[in-house]
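The lines below spell out each chain.
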Amino acid sequence: MDLEHNIDGPSNRRFVTMEEHIISQQRNHPTATGGFSWLLSGITLAARIISAKVRRAGIIEVLGEAGDVNLHGEQQQKLDILSNRTLEECLGFRENVGILASEELDEPKVIRGSRGKYIVIFDPLDGSSNIDVNVSVGTIFAVYERDTSNFNGSDPLMDVLQPGVKQLAAGYIVYGSSTVLTYTTGEGVHMFTLDPSVGAFVLAQEHVKMPETGKMFSVNEGNWNSFPRGVQEYLKWCKTKEAGPYTARYIGSLVADFHRTLLRGGIFLYPPTSKAPKGKLRLMYEANPIAFLAEQAGGKATDGKQRILDKQPESLHERTPLVVGSKGEVELVEEFMHRHAAQEALVEG
Ligand code: AHG
Ligand code: MN
Ligand code: MN
């Protein structure tokens, strides 16, 4: 979008809001009805509410554990539940949303009385373990289209279990030193910063491109002993003088670790571990949206063997290993994993 043309907007302002950006993007789609921007405005509204709660954590009673355990057996934080409820309320109000699915809901939720054609899947609060120590957390979302022939109320789960390549839109909000919303509808990656003085997400950067390589790796090395041999060998190589050496950065909130990787390049890995043999991150509402953004920015995302977006989900909360970041870095990891998988197979065989 040529920003210059927008300075003659309604009040000679020099900013473009996310809603306006979406509508301008939709102008490229003759079939667009504006329903999509109405849906995404539900997400920006929820994001503003959650951001206000995150920024006042400690003043208002939103810190700490909710005293309940979610379906994953993880202690639910108050902000997990508040964020989930906020998204349900803001999106449930959009008549074109038919099904909601969330990390915090056991099953998909069909919006009563709605013949909404969209499905929204989200991780309402990512990085929960960081909330009480004032480290960046986030929200992750993905939007799919529902199979309209399925309106006769057959199992909504069948509607939801689509491969990531079918996402219509995906994005995240990172509640960091500022609140930044990053999204894609398949036409590049665009970033918006919440301007508290305006109360709107305003365009910060269009067509964000991830650097081809980056000498930075992001992984929880506490799990080193149970990493696949190829990952261990890649990380050992990263630490050699010949490689650079690389810098290590790990925040422990996927959204924050990915946001840095998107802007600076490098690689984020959550490999299989003994505690999480299939990886810890969830395919539907963590890996897929992040993978869509990574590819749209020129990066790559695999589970070490297969492109994340091609994976056919078997269940809503299934986990996957995730290797995402600069194309060159991901391909290097794949090479190390391929080389050592062959050796491991020989050893096992
Ligand atoms: P969530 O808070 O939604 O459960 O997600 C936490 C995830 C992800 O944000 C992060 O990358 C990962 O957990 C960190 O896991 P470890 O603490 O095992 O490194
Ligand atoms: Mn998460
Ligand atoms: Mn979460």
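Note: the structure precedes this text.
Quick caveat: nothing in here was measured; it's all calculated off a predicted structure.

Calculation rules
Residues numbered from 1 in each chain as written. Chains lettered and ligands numbered in written order. Predicted model: local features only at pLDDT ≥ 70, side-chain atom pairs only at ≥ 80, totals over all residues. Heavy atoms only, no water. Axes fitted to C-alpha atoms, helices over the stretch in contact; angles between N-to-C directions. Helix = DSSP H or I, 4+ residues; strand = E, 2+ residues; numbered from the N terminus. Parallel < 35°, antiparallel > 145°, perpendicular 65-115°, else oblique. Left-handed = near helix turned anticlockwise from the far one by under 90°. Contact = heavy atoms within 4.5 Å. Nonpolar A, V, L, I, M, F, W, Y, C, P; charged D, E, K, R; others polar. Patch = residues over 30% accessible without salt bridge, like charges linked within 9 Å, V, L, I, M, F, W, Y side chains within 5 Å. Areas by Shrake-Rupley, 256 points an atom, 1.4 Å probe, with all protein chains shown as cover. Salt bridge = Lys/Arg side-chain N within 4 Å of Asp/Glu carboxyl O. Donors = N, O, S within 2.8 Å, 3.2 Å for Na, K, Ca; no water. Buried < 20%, exposed > 50% of the residue type's maximum accessible area, 1.4 Å probe, protein only. Pairing = 2+ DSSP bridges.

Engineer: Before we go on, may I ask you to explain the packing of helix α1 (residues 18-26) against helix α2 (residues 35-55) in this structure?
Structural biologist: Each packed pair of helices is defined by two parameters, the angle between the axes and the distance between the axes. Relative orientation of the contacting elements α1 and α2 amounts to 155°, with a least axis distance of 10 Å. Between α1 and α2, the crossing angle belongs to the class labelled roughly antiparallel. Note that α1 runs across α2; the crossing there is right-handed. Contacts from Met-18, Glu-19, Ile-22, Ile-23 and Gln-26 of α1 reach α2 at Phe-36, Ser-37, Leu-40, Ser-41 and Thr-44. Taken together, the residues that form the contact of α1 with α2 break down as 5 nonpolar, 4 polar and 1 charged.

Engineer: What exactly am I supposed to notice about a nonpolar patch on the surface here?
Structural biologist: Where nonpolar side chains cluster on the molecular surface, the patch consists of Val-133, Val-135 and Ile-251 and spans about 210 Å² of accessible area. When you line up the elements, Val-133 lands in the loop between β5 (118-126) and β6 (137-145).

Engineer: Please explain the environment of Ser-226 as it appears in this structure.
Structural biologist: Counting through the fold element by element, Ser-226 comes out in the loop between β11 (216-218) and α5 (229-238). Taking C-alpha positions, Ser-226 is 8.7 Å from Lys-275, a pair spaced 49 residues apart along the chain. Excluding residues that lie within four positions of it along the chain, Ser-226 makes contacts with Pro-272, Thr-273 and Ser-274.

Engineer: Hey, could you run me through the coordination of the manganese ion (ligand 3) in this one?
Structural biologist: In a perfect tetrahedron of four donors around a metal, the angles come out at 109.5 degrees. In a perfect octahedron of six, they are 90 or 180 degrees. Every protein donor of the manganese ion (ligand 3) is accounted for by Glu-103 (OE), Asp-123 (OD) and Leu-125 (O), and the metal-donor separations fall at 2.0 to 2.3 Å. Sequence positions of the residues that donate to the manganese ion (ligand 3) give the spacing E-x19-D-x1-L. The distance between the manganese ion (ligand 3) and the manganese ion (ligand 2) is 3.7 Å, with Asp-123 acting as a donor to both metals. Take Leu-125: its relative accessible area is 1%, and that puts it in the buried class.

Engineer: Where do I start with the pairing of strand β9 (residues 189-195) in this structure?
Structural biologist: Successive side chains on a regular strand alternate, one facing one side of the sheet and the next facing the other. With respect to burial, β9 is a largely interior element, 5 of its 7 residues being buried. In the sheet, strand β8 (residues 179-184) pairs with β9 via 5 bridges, with the strands oriented antiparallel. Within β9, the residue paired with Thr-182 across the bridge is Met-191. As consecutive antiparallel partners, β8 and β9 are separated by 4 residues, and within that stretch Gly-186 has a phi angle of approximately 95°, a positive value. Two elements, β9 and strand β10 (residues 200-205), share 5 bridges in a ladder whose sense is antiparallel. Following the sheet pairing, Met-191 is matched in β10 by Gln-205. In this structure, the hairpin formed by β9 and β10 is closed by a connection of 4 residues, where Gly-199 is found at a positive phi of approximately 75°.

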